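Residue strings, one per chain:
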Amino acid sequence: MITVALAKGRVYRSFNQFLADKHLDEYANALIDGGRDLFREVGGVRFIFVKGKDVPTYVEQGVADLGVVGSDTIAEQLFNVLNVSELPFGQCRLAMAGPKYMSESDIKVVATSFPNITRKYFNQAKQDVSLVFLNGSVELAPILGLADAIVDIVQTGTTLKENELEEYKTILPVQARLIANKQSFYTKEMEIYSFMREIEVV
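Residues numbered from 1 in each chain as written. Predicted model: local features only at pLDDT ≥ 70, side-chain atom pairs only at ≥ 80, totals over all residues. Heavy atoms only, no water.

*Asks:* How should I be thinking about the packing of aromatic side chains in this particular structure?
*Replies:* Any aromatic ring pair is given by two values, namely how distant the centres are and how the planes are angled relative to each other. Tallying each qualifying case throughout the model produces 11 aromatic pairs. Geometrically, the ring pair formed by Phe-18 and Phe-89 is tilted, given 5.1 Å between the ring centres and 40° between the ring planes. Taken together, the residues span a long stretch of sequence, with Phe-18 in helix α1 (residues 10-21) and Phe-89 in the loop between β5 (82-86) and β6 (92-99) at a distance of 71 residues. Relative to Phe-195, the ring of Tyr-27 has its centre 5.8 Å away and its plane inclined at 75°; by these criteria the two rings are edge-to-face. Linking Tyr-27 in helix α2 (residues 25-31) with Phe-195 in helix α9 (residues 189-198), this pair joins segments that are 168 residues apart in sequence. Of the residues examined, Tyr-27 reaches a relative accessible area of 5% and is grouped as buried. Seen from the ring of Phe-114, Lys-53 lies directly overhead, with NZ or CZ sitting 5.0 Å from the centre. (Phe/Tyr/Trp six-rings, centres within 6.5 Å; stacked < 30°, edge-to-face > 60°. Helix = DSSP H or I, 4+ residues; strand = E, 2+ residues; numbered from the N terminus. Buried < 20%, exposed > 50% of the residue type's maximum accessible area, 1.4 Å probe, protein only. Lys NZ or Arg CZ within 6 Å of the ring centre and 35° of its normal.)

Below, the structure written as structure tokens:
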């Protein structure tokens with residue numbers, strides 16, 4: 001049996017739709033609503049449901065053999081995992097946004113859940129800013145005066161518009177990735193490749 005860690009939320013929903021589109025009904029039906037379950041087993045695959053930022057940790061530590069996670073997560077922090085394959089779903093972007101009247105040169109304080117990526121971007125731009133780390137509801141920061149701008153995941157841009165914010169610039173395109181534990185990739189090679197062929201990502 002192999003264990004696959006799935007990121008809850010956006011990537012999880014996209015993965016379910018991907019399985020349904022491939023007519024992989026056994027997987028899709030089992031995963032259609034994870035509810036409060038911590039894991040589900042389908043044939044020779046155990047799917048575990050964890051927070052997106054924890055997927056690489058489960059894979060790195062060998063608790064999971066494979067993981068499905070956004071590329072933003074593995075770009076934010078270095079993990080000792082194999083970046084196996086780009087997956088054809090979960091497309092969005094990590095973008096800088098803020099009030100409509102703000103110019104990029106006026107930004108002094110930025111709120112984000114991605115401090116490492118954000119710091120690297122502003123360092124490369126040779127722009128001195130202070131970062132405020134937030135775990136969620138990042139859009140509130142410029143509205144309430146906590147920050148001048150934000151760096152956050154943008155999919156449709158609807159949330160920004162609803163809060164009278166505008167997108168300034170894409171910092172990083174984001175897509176779902178399949179990652180693997182380095183040891184498992186060799187010790188469970190046949191099972192892993194069988195699963196990858198089944199979901200057509202080889």
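*Asks:* Please clarify how unusual backbone geometry should be interpreted in this entry.
*Replies:* Both trends apply: most residues other than glycine have a negative phi, and most peptide bonds are in trans. Non-glycine residue Ser-137 carries a positive phi angle of around 50°. Residue placement: Ser-137 occurs in the loop between β8 (130-133) and α6 (140-143).

*Asks:* Looking at this model, I keep getting lost on the pairing of β8. Mind explaining?
*Replies:* On any regular strand, side chains alternate: one points to one face of the sheet, the next to the other face. Of the pairings in the sheet, the one linking strand β7 (residues 109-112) to β8 comprises 4 bridges and is parallel in character. Pairing of Val-109 across the sheet is with Ser-130, part of β8. For the crossover from β7 across helix α5 (residues 115-124) to β8, the handedness is right-handed. (Pairing = 2+ DSSP bridges. Right-handed = clockwise from strand over helix to strand, strands pointing away.)

*Asks:* Any chance you could explain a nonpolar patch on the surface here in plain terms?
*Replies:* Taken together, the side chains of Leu-140, Ile-143 and Leu-144 make up a nonpolar region of the molecular surface, amounting to roughly 290 Å² of accessible area. Counting through the fold element by element, Leu-140 comes out in helix α6. (Patch = residues over 30% accessible without salt bridge, like charges linked within 9 Å, V, L, I, M, F, W, Y side chains within 5 Å. Areas by Shrake-Rupley, 256 points an atom, 1.4 Å probe, with all protein chains shown as cover. Salt bridge = Lys/Arg side-chain N within 4 Å of Asp/Glu carboxyl O.)

*Asks:* For this particular structure, what's the right way to read the pattern of salt bridges?
*Replies:* Close approach of charged atoms allows side chains of opposite charge to pair. Per the stated rule, a full pass over the model turns up 6 salt bridges. Linking Lys-188 and Asp-65 is a salt bridge whose minimum nitrogen-to-oxygen distance equals 3.2 Å. Here Asp-65 lies in the loop between α3 (55-60) and β4 (66-70) and Lys-188 lies in the loop between α8 (184-187) and α9, a separation of 123 residues in the sequence. Residue Arg-177 is joined to Glu-86 by a salt bridge in which the shortest nitrogen-to-oxygen separation is 3.6 Å. Linking Arg-177 in strand β11 (residues 176-180) with Glu-86 in strand β5, this pair joins segments that are 91 residues apart in sequence. Look at Arg-177 and you get buried, because its relative accessible area is 17%. Note on Glu-86: relative accessible area 48%, which makes it partly exposed.

*Asks:* What exactly am I supposed to notice about the environment of Gln-17 here?
*Replies:* With respect to the helices, strands and loops of the structure, Gln-17 is situated in helix α1. Distance in space between the C-alpha atoms of Gln-17 and Ala-149 is 33 Å, their sequence separation being 132 residues. Here Asp-21 takes part through its side chain, which lies 2.8 Å from a polar atom of the side chain of Gln-17. (Polar contact = N/O pair within 3.5 Å; in protein donor to acceptor, adjacent residues only side chain to side chain.)

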